Amino acid sequence: MDQSYVELKSYPRQYKPMKSFINKRSITKIFQAGLVVILLVTVVINLLFIMDTKQKLSQVAIKKPPVSYDIKKLENQKLSTSRSLSIEVLSSKARVSVAVDGTTIMEDAEDNRNRGIHILVLNQATGSVMANRNFDTYEAHEGDAMVLFLNMISPGRILIFAIKDEGTFNLLKSAREKLAWYGSKRAKDLHWRDMWAMVAFKGAGEYIGESYSKSPDLGNWGSPVLLKVDVPLRDVEDTECKWPNKEINKRRKAFCNKVEGYGSVCSCSDPSPLEFHPQPISHNHVSHLPVAVIASNRPHYLFRYYFNLMMLTSMCDLN
């Protein structure tokens, strides 16, 4: 009797863990089924959204009239766009900049440095930068140096001028007349701390645009000026010299199409020699004397020195 009682009392205890395990499995299955339902609903909603969007786009496409393209007109528009430059020039107390077709190609905003007249030279056929110089025309003789540089530039190049800070204190008559020769209407009137910008072709009166701001008094600067002009490009064939087809002139042409400021080296009518064959001196007792040339960051001065050196009698080729 006691044994039966013990067995009956222990029976529920044997199956209690099994019942708890069954309940956990049921909850897991219900949770998984819920996730599947949510996933299916999401997929259905996305499909309905895609179908609705596609239908709306189809309706818009049907309503939109067909477009007829004139291929020749588009080609002409592309050609006219590619054959001109949109140039913006800023002149101010603390900053000068030049942008071509929205891209800044020159900017100087250093404090208390590079004042005076900044000059940028562009190729009139490609728009590429060929020279970038700054002349501190507040100081003596810088105006003469600027005139010399302008005289060394080949005809037809695009010239861009801009004043930073102050550029007139030593801008003498010869320099002002040179700027007026390019077409400037303000060169003779530029005074202390005036702001000024100009774009012109290298040639007599081939003026494109100019902007000017007068200083209100000696203690202040003129307001910043922003000059905007459209400059037509010229055909490459019309801008290149017709030198004889020799190897030396191929080198000359490659050089002169990239850089400016070397004067007669790029002259079409009377180019300077690039090869030198001086006559030897008789009874020369110091032949083959080496000459060392040390150059810095002014290549136009190096060229001038090299040219004069090679014109000396008995000078051999330099290596």
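Scroll up to find the structure.
Residues numbered from 1 in each chain as written. Predicted model: local features only at pLDDT ≥ 70, side-chain atom pairs only at ≥ 80, totals over all residues. Heavy atoms only, no water.

> Looking at this model, I keep getting lost on the overall build of the protein. Mind explaining?
What the protein contains, in helices and strands, is seven helices and nine strands. For the protein, the share of sequence-separated contacts (at least 6 apart) that also reach a separation of at least 24 residues comes to 58%. When the accessible surface of the protein is summed, it comes to about 21,900 Å², and 58% of that surface belongs to carbon and sulfur atoms. (Helix = DSSP H or I, 4+ residues; strand = E, 2+ residues; numbered from the N terminus. Contact = heavy atoms within 4.5 Å. Areas by Shrake-Rupley, 256 points an atom, 1.4 Å probe, with all protein chains shown as cover.)

> Explanation requested: the environment of Val265 in the structure shown.
Residue position: Val265 is located in the loop between helix H6 (247–256) and helix H7 (299–310). Judged by relative accessible area, Val265 falls into the buried class, the value being 4%. In this structure the C-alpha to C-alpha distance between Val265 and Lys253, which are 12 residues apart in sequence, comes to 9.9 Å. With near-sequence residues (within four places) excluded, Val265 lies in contact with Arg252, Phe255, Cys256, Pro271, Ser272, Leu274 and Phe303. (Buried < 20%, exposed > 50% of the residue type's maximum accessible area, 1.4 Å probe, protein only.)

> Is there a simple way to explain the pairing of strand S6 (residues 158–164) in this structure?
On a regular strand, each side chain points to the face opposite its neighbour's, so the side chains alternate between the two faces of the sheet. The buried fraction of S6 is high, at seven of seven residues. In S6, alternate side chains face the same way, and those of Ile158, Ile160, Ala162 and Lys164 on one face and Leu159, Phe161 and Ile163 on the other are all buried. Where strand S4 (residues 116–122) and S6 come together, seven bridges link them in antiparallel fashion. Residue pairing for S6: Leu122 is matched across the bridge by Ile158. Two strands pair when backbone bridges link them, and S6 and strand S7 (residues 195–201) are joined in this way by five bridges, in the antiparallel orientation. Across the sheet, Ile158 pairs through a bridge with Phe201, a residue of S7. (Pairing = 2+ DSSP bridges.)

> Quick question: what am I supposed to make of the packing of aromatic side chains here?
For any pair of aromatic rings, the description rests on two quantities: the centre-to-centre distance and the angle between the ring planes. The final tally for this structure, using the stated rule, is eight aromatic pairs. Ring geometry for Phe255 and Tyr262: centres 5.2 Å apart, planes at 70°, overall edge-to-face. Every member of this aromatic cluster is reached through a ring pair, and the members are Phe161, Trp181, Tyr182 and Trp196. (Phe/Tyr/Trp six-rings, centres within 6.5 Å; stacked < 30°, edge-to-face > 60°.)

> How do you make sense of the pattern of salt bridges when you look at a structure like this?
A side chain with one charge may pair with a side chain of the opposite charge, provided their charged atoms come close. Evaluated as defined, the whole model comprises nine salt bridges. With a closest N to O distance of 3.0 Å, Asp108 and Lys164 form a salt bridge. Of the two residues, Asp108 sits in strand S3 (residues 103–108) while Lys164 sits in strand S6, which places them 56 residues apart along the sequence. As far as burial versus exposure is concerned, Asp108 and Lys164 are alike and both buried. Residue Glu240 pairs with Lys253 through a salt bridge whose shortest N-O separation is 3.2 Å. Of this pair, Glu240 sits in the loop between helix H5 (236–239) and H6 while Lys253 sits in helix H6, and the two are 13 residues apart along the sequence. Each of Arg115, Asp136 and Glu139 takes part in salt bridges that share partners, so that together they form one network. (Salt bridge = Lys/Arg side-chain N within 4 Å of Asp/Glu carboxyl O.)

> Help me out: how do you make sense of the side chain of Asp136 in this one?
Along the chain, the position of Asp136 falls in the loop between strand S5 (129–135) and helix H3 (142–151). Among the polar contacts made by the side chain of Asp136, one reaches the side chain of Arg115 at a distance of 3.0 Å. Beyond its immediate chain neighbours, meaning those up to four positions away, Asp136 contacts Arg115, Gly116 and Glu142. (Polar contact = N/O pair within 3.5 Å; in protein donor to acceptor, adjacent residues only side chain to side chain.)

> Looking at this model, I keep getting lost on the sheet that holds S3. Mind explaining?
Strand pairing within a sheet occurs via backbone hydrogen bonds; the two strands may be parallel or antiparallel. Spatially, the four strands line up as an open sheet ordered S3-S2-S1-S9, and their pairing is antiparallel. In this open sheet, the two edge strands, each paired with only one partner strand, are S3 and strand S9 (225–232). Neighbour-to-neighbour, the strand axes of this sheet turn through a mean angle of 15°, independent of strand direction. Across five bridges, strand S1 (residues 84–91) lies against strand S2 (residues 96–100) in antiparallel orientation. (Axes fitted to C-alpha atoms, helices over the stretch in contact; angles between N-to-C directions.)

> Explanation requested: the state of the cysteines in the structure shown.
Note on terminology: disulfide describes a covalent bond linking the sulfur atoms of two cysteines. By the definition in use, this model includes two disulfides. Each sulfur in the disulfide pair Cys241 and Cys268 lies 1.7 Å from the other. Measuring handedness by torsion sign, the sulfur bridge of Cys241 and Cys268 sits at about -70° and is left-handed. Taken together, the positions of Cys241 in the loop between H5 and H6 and Cys268 in the loop between H6 and H7 put the pair 27 residues apart, joining distant regions of the chain. Given the relative accessible area of 15%, Cys241 is considered buried. (Disulfide = S-S within 2.5 Å.)

> I'm lost on the pairing of S4 in this one. Help?
With seven of its seven residues buried, S4 lies for the most part within the structure. Pairing between S4 and S5: six bridges, direction antiparallel. Looking across to S5, one finds that Leu122 is bridged to Val129. Taken together, S4 and the strand that follows it, S5, pair antiparallel across an intervening segment of six residues, in which Gly127 is found at a positive phi of about 80°.

> Any chance you could explain the nonpolar core here in plain terms?
Side chains of a nonpolar character, in soluble globular proteins, are inclined to be buried together. If you look at the biggest cluster of nonpolar residues, it comprises 44 residues, and the most contacted ones within it are Ile87, Ile158 and Phe161. Tallying contributions element by element places S7 first for this core, with seven residues. Sequence-distant contacts of Ile158, defined by excluding residues within four places in its chain, comprise Leu85, Ile87, Leu120, Val121, Leu122, Asn123, Gln124, Val199, Ala200, Phe201, Val231 and Leu233. By size, the runner-up hydrophobic cluster in this structure holds six residues, among which are Cys256, Tyr262, Val265 and Cys266. (Core = buried A, V, L, I, M, F, W, Y, C linked by side-chain atoms within 4.5 Å.)

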